[in-house]
Amino acid sequence: MPDARINVPAEVPRGKPFEVRILIRHPMETGYRTDDTGKQIPRNVIATLTCRYNGETVFAARMSPGIAANPYLRFFVGARESGELAFEWVDDRGVRGNERATVTVV
Amino acid sequence: MWRVLALCVTCCACGATAQERVLALSELRSGITFAGANVRAMQADELANPGMLWVERGEKLWNAPAEGSGKACASCHGSAQTSMRGVAASYPKFDANAGSVLDVEARINDCRTRRQHAPALARESEDLLALTAFVAYQSRGAPLAVAIDGPARASFDRGREFYFQRHGQMNIACTQCHDQNWGKRLLGETISQGHPTAFPGYRLEWQSLGSLQRRLRACLFGVRAEMPAPGAPELTDLEFYLAWRAQGLPLEVPGVRR
């Protein structure tokens, strides 16, 4: 499965906030569910997510089992110069995911 | 006397026509119109719609060589954007080779086993859901139009019988909710007309994409009826009847439902 879908405008005006949207594929297992045999399914949610712009952290989140599967996040970032948004997340099992998107300042 | 008899014969001969429709074509309403504003927004926005994760995965599978012949779907069908456009709207469809009516899932598996010499994908497997969603996505917006004449007719009739047959401990038929009581409340839920246009679709209850058959099984579970196994002919027949019943409604794959 693809790990995520990101949406950022290809070109943004200098300094003006633009919208960043990301949809991540993840089961966000709560730890409260049981499988067909009655065994508890261990909790596995995305523990932390960070978004860096040219190395500088612009957004970070700690997630909990209260968040639905395949979480969708939306936030605003302003850019002074062109660069790359780098997302990185890690779940309770230690599985890491990452995705990138480039932004051109005009 | 003869004229009356002749009239009866004409009526019987013209097949599934207007008098067999419980809901008039002009009355048909997609399930999305019963959903709340946030669910409607989620379906309409291709980035917020989680079903698109499966569509994207399906596109990769479409272009990936299968293990048997090394041929990908794209080797024969080329770009799905053109070759699969509108195709899913005519499914389920009678297939002469199989000798029965196939839904999109079964058609994909038929192609896999016969042409790609690859093992069939399991129903509800992530790969089959992804491929089905990707193929059906090419028909998003296309009005449902299935052919029920000729050799397909027997399957259609069985599907219709299933729809009007009472099932399970609750002893109710599909028609009692979805034809006679749609628009009314069932606990917190508004009863829809039961059209299949969203599937494979993302159900918030499932937290995942699922097939129409999974949805039908969930309904049968709800009325405490025996659930046919995934891929069972009863379910395909019912899918076929439902597709005819929803004739003209646009396909919404990947739909989002509660």
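Here, the structure is the one placed above.
The following paragraphs examine the structure supplied in this document. (Residues numbered from 1 in each chain as written. Chains lettered and ligands numbered in written order. Predicted model: local features only at pLDDT ≥ 70, side-chain atom pairs only at ≥ 80, totals over all residues.)

## What about the overall build of chain A?
And step 1. If you tally the helices and strands in chain A, you get zero helices and eight strands.
And step 2. Ordered by position from the N terminus, the helices and strands of chain A form the series β-β-β-β-β-β-β-β.
And step 3. Principal axes of the C-alpha set define a box for chain A whose edges measure 55 × 20 × 20 Å.
And step 4. The burial tally for chain A puts 19% of its 106 residues in the buried class.
And step 5. In chain A, of all internal contacts separated by at least 6 residues, the share reaching a separation of at least 24 is 55%. (Helix = DSSP H or I, 4+ residues; strand = E, 2+ residues; numbered from the N terminus. Buried ≥ 20, exposed ≤ 12 C-beta atoms within 10 Å, placed from the backbone. Contact = placed C-beta atoms within 7 Å.)

## Let's talk about the packing of helix α3 (residues 51-63) of chain B against helix α7 (residues 126-137) of chain B
All names here are of chain B.
And step 1. Packing of α3 against α7 leaves a shortest axis separation of 7 Å and a crossing angle of 95°. One way to sum up the angle between α3 and α7 is to call them roughly perpendicular. For the pair α3 and α7, contact is made by G51, W54, V55, R57, G58, E59, L61 and W62 and by D127, L129, A130, L131, A133, F134 and Y137, respectively.
And step 2. For the contact of α3 with α7, the residue count by class is 10 nonpolar, two polar and three charged. (Axes fitted to C-alpha atoms, helices over the stretch in contact; angles between N-to-C directions. Parallel < 35°, antiparallel > 145°, perpendicular 65-115°, else oblique. Nonpolar A, V, L, I, M, F, W, Y, C, P; charged D, E, K, R; others polar.)

## Details of α7(B)
Residue and element names in this part refer to chain B.
And step 1. Helix length check: α7, at 12 residues, gives a terminal C-alpha distance of 16 Å against a target of 16 Å (1.5 Å per residue), a fit within 8%.
And step 2. Taking burial as the measure, the 12 residues of α7 include 10 buried ones, the bulk of the element.
And step 3. The complete set of buried residues in α7 reads L128, L129, A130, L131, T132, A133, F134, V135, A136 and Y137.
And step 4. Looking at the packing, one finds that the buried side of α7 touches α3, α5 (80-83), α6 (104-114) and β6 (208-210). (Expected span 1.5 Å × (residues − 1).)

## Points about unusual backbone geometry
And step 1. Residue B:P200 is bonded to the preceding B:F199 through a cis peptide linkage, with omega at 5°.
And step 2. Within the element layout of this structure, B:P200 appears in the loop between β4 (189-190) and β5 (201-203).
And step 3. Cis peptide bonds are those with omega within 30 degrees of zero, and the linkage from B:V253 to B:P254 qualifies with -5°.
And step 4. One can find B:P254 in the loop between α11 (233-245) and β7 (256-257).
And step 5. Phi is positive for A:N54, close to 50°, though the residue is something other than glycine.
And step 6. Locating A:N54 in the fold gives a position in the loop between β4 (46-53) and β5 (56-62).
And step 7. Even without being a glycine, B:R224 presents a positive backbone phi close to 55°.
And step 8. Overall, the presence of 13 C-beta atoms within 10 Å leaves B:R224 in the partly exposed class.

## Describing the sheet that holds β7(B)
Residues and elements named next belong to chain B.
And step 1. Strand order in the open sheet formed by three strands is β6-β5-β7, and the pairing between neighbours is mixed. Two strands bound the open sheet, and with one partner strand each, they are β6 and β7.
And step 2. Here β5 pairs with β6 via three bridges, running antiparallel. Looking at β6, one finds that G201 is bridged to G210. (Pairing = 2+ DSSP bridges.)

## Observations concerning the interface of chain B and chain A
As a measure of interface size, the accessible area lost when the parts come together is often cited.
And step 1. Across the boundary between the two partners, chain B contributes 10 residues, which contact 11 residues of chain A.
And step 2. Looking at the side of chain B that touches chain A, the element that brings in the most residues is α3(B), giving four residues.
And step 3. Tallied by class, residues from the side of chain B that touches chain A come to five nonpolar, two polar and three charged.

## A closer look at helix α10 (residues 212-222) of chain B
Residues that lie three or four places apart on an α-helix share one face, since the helix turns once every 3.6 residues.
And step 1. Listed in full, the buried residues belonging to α10(B) are B:L212, B:Q213, B:R214, B:R215, B:L216 and B:R217.
And step 2. Of the residues one or two after α10(B), B:R224 is the one with positive phi, at around 55°.

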